[in-house]
Amino acid sequence: MFDIAVPSAQEAILADEVGVAILGTGFAGRMHAQAARMLGARLVGVMASTPARSDAAAAELGAEQSFASVAELLEHPAVEVVHVCTPNALHVSQVEQALARGKHVICEKPLATTAQDAERLSGLARESGLIAAVAFAYRYQALTQDARAKIMAGELGRIRLVHGTYLQDWLLYPSDGDWRAVTEIGGPSRAFADVGSHWCDLAEWMTGERITDIAAITSTVYPTRPGAASSGDGAAEPLPVTNEDIACLVFRATNGIVGTLTVSQVSPGRKNRLWLEVDAAEASVVFNQENAEWLWLGRRDAGLQIARDRRPDAQIADSSFLPPGHARGFVECFAGLFSDVYKTLRNGAARTFPTFDDGARSAILTEAVLRSATAREWVHIP
Ligand code: SOE
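## Considering the packing of aromatic side chains
At step 1: Taken as a whole, this structure holds seven aromatic pairs when the rule is applied.
At step 2: Relative to phenylalanine 334, the ring of phenylalanine 330 lies with its centre 5.3 Å away and its plane at 65°, an arrangement referred to as edge-to-face. Separated by four residues within a single helix, phenylalanine 330 and phenylalanine 334 lie in helix α9 (residues 330-347), roughly one turn from each other.
At step 3: A ring pair is formed by phenylalanine 334 and phenylalanine 338, whose centres lie 6.2 Å apart and whose planes are at 65°; its orientation type is edge-to-face. Placement of the pair is phenylalanine 334 and phenylalanine 338 together in helix α9, with a separation of four residues, close to one helical turn.
At step 4: Given the relative accessible area of 7%, phenylalanine 334 is considered buried.
At step 5: Ring pairing ties together the aromatic residues Phe27, Tyr138, Tyr166, Phe330, Phe334, Phe338 and Tyr342, which thus form one cluster.

Below is the structure:
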């Protein structure tokens, strides 16, 4: 049987002294709360869209208290790191306030709904010297890390093609509403900004290459949707939808690489299917987020399914010690990212996590997609 070497307390980064607060208690906020507590962080408090929801979320998530305002949250002396998990249009103001009060920030993607705002926040964070991370959590899937290691070690050979999809179906029906589909709250891009951003961040991080030119088309399948129904804040009456359900890209990247990406939130039966394939001179590798315990490695004479293995250098008291087949979960990806942030906070470890610079990069790619789709032409990204 496996010798399950659980990291000892000294090795594992037990963030029991890191005080965190969470703004926004929807799906993302709950992920953040679970992951932070997995690391032993002190969940000082949470704030939702209404006082009643804040109280309910604090009780449900095991927070010490709820906060009635952002100001109250930022005034609390025990709050060191603010997790911003609110609707996209609120990120800029809340991040600015947090940085101004000397708080470290982990912000959900997209960092901002415009490239200009995202770049401004990146500059503010840099000037402040504070930790400022963006939750591109799929970099912390064990097998995306293994795939990156293989690519960086040259095991695949020269990359020629990077392609894939990010498919979901949670917005399949016209009755499916969410704040993301309301441009004023979610931003001018939806499917690409929400999940295409993950795919592009992962593709550039895994390969070390950069997308340089994009040609994109987008599609919005319903003219209206219920307003923000999923957060419960919006009216139930139909609201006009102007951001996209589908985005299809062709792109060029550095070192002669080409690629394609299809993003859809209206693909029946696809739940959270981030599929990324890197095809190179000797081998190819495929990561499928819906089957995250296995990495496919292809060669001319064979196709291998490689099991996720325990990570000998387990750094955090999460499930990375689990043997293959004992699935390491989605929340652990957030725990891995937060552990890197907390280690930097506590002992000055190198900033290996995705930063606001990566968030600004993502916003620049998003605007290039929209510009290309609108103008029906290629867009170069300097
Ligand atoms: C909804 O599309 C969503 O929750 C995204 O907002 C997350 O970033 C993604 O990881 C899962 O799907």
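## Looking at the site of the ligand
At step 1: Not every one of the 13 residues close to the ligand is listed here, only the nearest: Lys109, Tyr138, Gln168, Asp194 and His198.
At step 2: Lysine 109 places a polar side-chain atom, nitrogen or oxygen, 2.8 Å from an oxygen atom of the ligand.
At step 3: Here an oxygen atom of the ligand and a side-chain polar atom of glutamine 168 are 3.0 Å apart.
At step 4: Alone, the ligand offers 300 Å² of accessible surface; in the complex the protein occludes 88% of this.
At step 5: Here the shell around the ligand gets three residues from one element, more than from any other, and that element is helix α8 (residues 191-207).
At step 6: For the shell around the ligand, a count of residues per class yields six nonpolar, four polar and three charged.

## As for the confidence of the model for the protein chain
At step 1: In the predicted model, the protein chain carries a mean pLDDT of 91, and the fraction of residues at 70 or more is 90%.
At step 2: Ignoring residues within four places in sequence, the model shows residues 1-13, a span with pLDDT below 50, making 24 contacts including any to other chains.
At step 3: This stretch, residues 313-317, has a pLDDT under 50; its non-local contacts, to residues over four places away or in other chains, come to 17 contacts.

## As for the sheet that holds strand β3 (residues 65-66)
At step 1: The six strands lie next to each other as β3-β2-β1-β4-β5-β6, forming an open sheet whose pairing is parallel. Each edge of the open sheet carries a strand with a single partner, namely β3 and β6 (132-134).
At step 2: Of the strand pairs in this sheet, strand β5 (residues 104-107) and β6 are connected by three bridges, and their pairing is parallel. For isoleucine 106, the partnering residue across the bridge sits in β6 and is alanine 133.

## Here we look at unusual backbone geometry
At step 1: Here the amide bond leading from lysine 109 into proline 110 is cis, since omega sits at -10°, within 30 degrees of zero.
At step 2: Mapped onto the secondary structure, proline 110 falls in the loop between β5 and α5 (115-128).
At step 3: Of note, asparagine 255 is a non-glycine position whose phi angle comes to about 60°, a positive value.
At step 4: As for its position among the elements, asparagine 255 is in the loop between β11 (246-253) and β12 (258-264).
At step 5: Positive phi outside glycine occurs at arginine 376, with the angle close to 55°.

## Points about the packing of helix α6 (residues 142-152) against α8
At step 1: In contact at an axis separation of 8 Å, α6 and α8 are set at 40° when each is read in the N-to-C sense. With respect to their mutual orientation, α6 and α8 come out oblique. Contact residues: α6 offers Thr144, Gln145, Ala147, Arg148, Ile151 and Met152, while α8 offers Leu202, Trp205, Met206 and Thr207.

## Structural notes on the side chain of glutamine 94
At step 1: Summarising the element assignment, glutamine 94 is placed in helix α4 (residues 91-100).
At step 2: Residue classification places glutamine 94 among the buried positions, given a relative accessible area of 9%.
At step 3: Residues contacting glutamine 94, with those up to four places away along its chain left out, are Leu23, Val70, Val84 and Thr86.

## Considering the nonpolar core
At step 1: Counting 42 residues, the largest nonpolar core has Val162, Phe192, Trp199 and Ile214 as the members making the most contacts within it.
At step 2: It is α8 that contributes the most residues to this core, nine residues altogether.
At step 3: Dropping the residues within four chain positions of it, valine 162 is found in contact with Trp199, Ala203, Thr207, Phe251, Ile257, Val258, Gly259, Thr260, Leu276, Glu277 and Val278.
At step 4: If you look at the next biggest cluster of nonpolar residues, it comprises 34 residues, including Leu39, Ala133, Cys333 and Leu345.

Rules used in this analysis
- Residues numbered from 1 in each chain as written.
- Predicted model: local features only at pLDDT ≥ 70, side-chain atom pairs only at ≥ 80, totals over all residues.
- Heavy atoms only, no water.
- Phe/Tyr/Trp six-rings, centres within 6.5 Å; stacked < 30°, edge-to-face > 60°.
- Helix = DSSP H or I, 4+ residues; strand = E, 2+ residues; numbered from the N terminus.
- Buried < 20%, exposed > 50% of the residue type's maximum accessible area, 1.4 Å probe, protein only.
- Near = heavy atom within 4 Å.
- Polar contact = N/O pair within 3.5 Å; in protein donor to acceptor, adjacent residues only side chain to side chain.
- Areas by Shrake-Rupley, 256 points an atom, 1.4 Å probe, with all protein chains shown as cover.
- Nonpolar A, V, L, I, M, F, W, Y, C, P; charged D, E, K, R; others polar.
- pLDDT = per-residue confidence, 0-100.
- Contact = heavy atoms within 4.5 Å.
- Pairing = 2+ DSSP bridges.
- Axes fitted to C-alpha atoms, helices over the stretch in contact; angles between N-to-C directions.
- Parallel < 35°, antiparallel > 145°, perpendicular 65-115°, else oblique.
- Core = buried A, V, L, I, M, F, W, Y, C linked by side-chain atoms within 4.5 Å.

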